[in-house]
Amino acid sequence: MSRADLASLYKVTDGRKFKLSDYDPADCGDLDINKAEAKERLEQDIKSLSELQEKLYAQDRWSVLLIFQAMDAAGKDSAIEHVMKGINPQGCQVHSFKAPSAIELDHDYMWRTSCALPERGRIGVFNRSYYEEVLVVRVRPEILGKQRLPQDLVTKNIWQERYEDIRGFERYLARNGTLILKFFLNVSKEEQKKRFLDRIDEPDKNWKFNPGDVAERALWNQYMSAYEDAIRNTASEHAPWYVVPADKKWYTRLVVAAAIDEAMQGLNLQFPKVDSVGLEEIRKSREALMNEK
Ligand code: ATP
Ligand code: MG
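Residues numbered from 1 in each chain as written. Chains lettered and ligands numbered in written order. Predicted model: local features only at pLDDT ≥ 70, side-chain atom pairs only at ≥ 80, totals over all residues. Heavy atoms only, no water.

Asker: Hey, could you run me through the packing of helix H2 (residues 35-59) against helix H12 (residues 249-265) in this one?
Answerer: The axes of two packed helices give the description: the angle between them and the distance between them. Contact pair H2 / H12: the axes reach a minimum separation of 10 Å and the direction vectors enclose 30°. One element, H2, and the other, H12, form an angle in the roughly parallel class. For H2 against H12, the interelement crossing comes out left-handed. When H2 is examined against H12, the residues Ala38, Arg41, Leu42, Asp45, Ser48, Leu49, Leu52, Gln53 and Leu56 are found in contact with a partner set consisting of Trp250, Arg253, Leu254, Ala257, Ala258, Ile260, Asp261, Met264 and Gln265. (Axes fitted to C-alpha atoms, helices over the stretch in contact; angles between N-to-C directions. Helix = DSSP H or I, 4+ residues; strand = E, 2+ residues; numbered from the N terminus. Parallel < 35°, antiparallel > 145°, perpendicular 65-115°, else oblique. Left-handed = near helix turned anticlockwise from the far one by under 90°. Contact = heavy atoms within 4.5 Å.)

Now the structure itself:
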């Protein structure tokens, strides 16, 4: 199966008919391959991404924003690690968005995002993002209470208004040369439990376990409806969501890599061409070097 076909299985560009229950977290598509073959395929994807990134950097026009959202232990960190590992670190910036600091809370919620957006020619990875503003903040109303918004502005329309603002923000970024891809790593509740237990039972993984994650897990259904609603309201051609099966990590990585590759191929990136004046300069430089005593 080609990369484009693989990515298209999970791509949502029009959220109107989107239902999370249509997507199986344990899906492996039609890819009937073993671990070694999956590894080999990912190596090829990584090589292709590295070539694309070199052109992105050289051309210095587009930027790429990759957003990762998921429940805890869905594999955001490992997807980022494995898919981006062939990329020149100079061309890539990763930002992890945690609960906002006091300074951040003193501003609108996009403030910290704007400062973290990738420059032209770069790939920016958001490990969580402004989508938390319609996810955790929606599921836990006490967080909204701490945002110190003027009371009159907090109405029952607040989530629809946030979707509208996010849509506007993403359209603005797209019109300014940012390729936006959003990944929801869709892990099942059972698989999350297995991974939590693994973190608890294996001493070397204890550091990854956060007892607070179990409290978030208790709100699983609320989170799932918040994700579903967010995807429904913010999927678009210029900022698609990919609902990536996340119960099998090898498959998650292949889908994420395929989606990035396919979208970046679509930018038709080229190394900058040197014009005739530039070529003449190069010729003269060569001559000067050759004539050095
Ligand atoms: P991991 O647990 O795999 O290390 P993580 O992304 O869960 O990665 P944590 O430090 O555990 O990292 O959690 C970050 C927490 O910050 C999440 O619970 C998330 O919901 C919360 N968070 C992020 N953005 C916001 C926000 N705008 N408002 C409130 N909470 C937020
Ligand atoms: Mg966490």
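Asker: How should I be thinking about the nonpolar core in this particular structure?
Answerer: Nonpolar side chains in soluble globular proteins tend to be buried together. Within the largest apolar cluster, 83 residues are counted, with the highest numbers of intra-cluster contacts made by Leu66, Met84, Phe183, Leu185, Ile260 and Met264. Per-element tally for this core: the top contributor is H12, with ten residues. Residue contacts for Phe183: discarding those within four places in its chain leaves Leu66, Ile67, Phe68, Gln69, Trp241, Tyr242, Val244, Val256, Ala259 and Ile260. (Core = buried A, V, L, I, M, F, W, Y, C linked by side-chain atoms within 4.5 Å. Buried < 20%, exposed > 50% of the residue type's maximum accessible area, 1.4 Å probe, protein only.)

Asker: Looking at this structure, how should I read the site of ligand 1?
Answerer: Close to ligand 1 lie 14 residues, the nearest being Lys76, Lys98, Arg128, Glu132 and Glu133. Within the side chain of Lys98, a nitrogen or oxygen atom sits 2.9 Å from an oxygen atom of ligand 1. In this structure, an oxygen atom belonging to ligand 1 sits 3.2 Å away from a main-chain N or O atom of Ala99. Protein chains shield 77% of the accessible area of ligand 1, which is 630 Å² for the free molecule. Every element with two or more residues in the shell around ligand 1 is listed here: helix H3 (76-83) and helix H6 (136-139). Classifying every residue of the shell around ligand 1 gives six nonpolar, no polar and eight charged. (Near = heavy atom within 4 Å. Polar contact = N/O pair within 3.5 Å; in protein donor to acceptor, adjacent residues only side chain to side chain. Areas by Shrake-Rupley, 256 points an atom, 1.4 Å probe, with all protein chains shown as cover. Nonpolar A, V, L, I, M, F, W, Y, C, P; charged D, E, K, R; others polar.)

Asker: Explain a nonpolar patch on the surface here, please?
Answerer: Among the surface-exposed residues, Val274, Leu279 and Ile282 lie close enough to one another that they form a single nonpolar patch of about 270 Å² accessible area. The residue Ile282 is located in helix H13 (residues 276-290) in this model. (Patch = residues over 30% accessible without salt bridge, like charges linked within 9 Å, V, L, I, M, F, W, Y side chains within 5 Å. Salt bridge = Lys/Arg side-chain N within 4 Å of Asp/Glu carboxyl O.)

Asker: Sorry if this is basic, but what is going on with the environment of Leu153 here?
Answerer: With respect to the helices, strands and loops of the structure, Leu153 is situated in the loop between helix H7 (141-145) and helix H8 (158-175). Judged by its relative accessible area of 51%, Leu153 falls in the exposed class. For the pair formed by Leu153 and Gly29, sequence separation is 124 residues and the distance between their alpha carbons is 45 Å. For Leu153, the contacting residues outside a window of four places in its chain are Ile158 and Glu161.

Asker: I tried to follow the pattern of salt bridges on my own but got confused; where do I start?
Answerer: Side-chain pairing between opposite charges can occur once the charged atoms of the two side chains come close. The tally for this structure, following the rule as stated, stands at 21 salt bridges. Of the charged contacts, one joins Lys205 and Asp198 as a salt bridge, the two residues approaching to 2.8 Å between their closest N and O atoms. Assessed through its relative accessible area of 26%, Lys205 is described here as partly exposed. The partner of Lys205 in a salt bridge is Glu202, and the shortest N-O contact between them spans 4.0 Å. One network of salt bridges, with partners in common, ties together Arg3, Asp45 and Asp261.

Asker: What's the story with unusual backbone geometry in this structure? I'm lost.
Answerer: Across the chain, the bulk of peptide bonds are trans and the bulk of non-glycine residues have phi less than zero. You will see that Arg148, though not glycine, has its phi angle at about 55°, which is positive. By the secondary structure assignment, Arg148 is in the loop between H7 and H8. Taking relative accessible area as the criterion, Arg148 reaches 60% and is therefore assigned exposed. The phi angle at Asn268 is positive, at roughly 50°, despite the residue not being glycine.

So, to be careful, I would describe these as geometric facts and stop short of saying anything about function.
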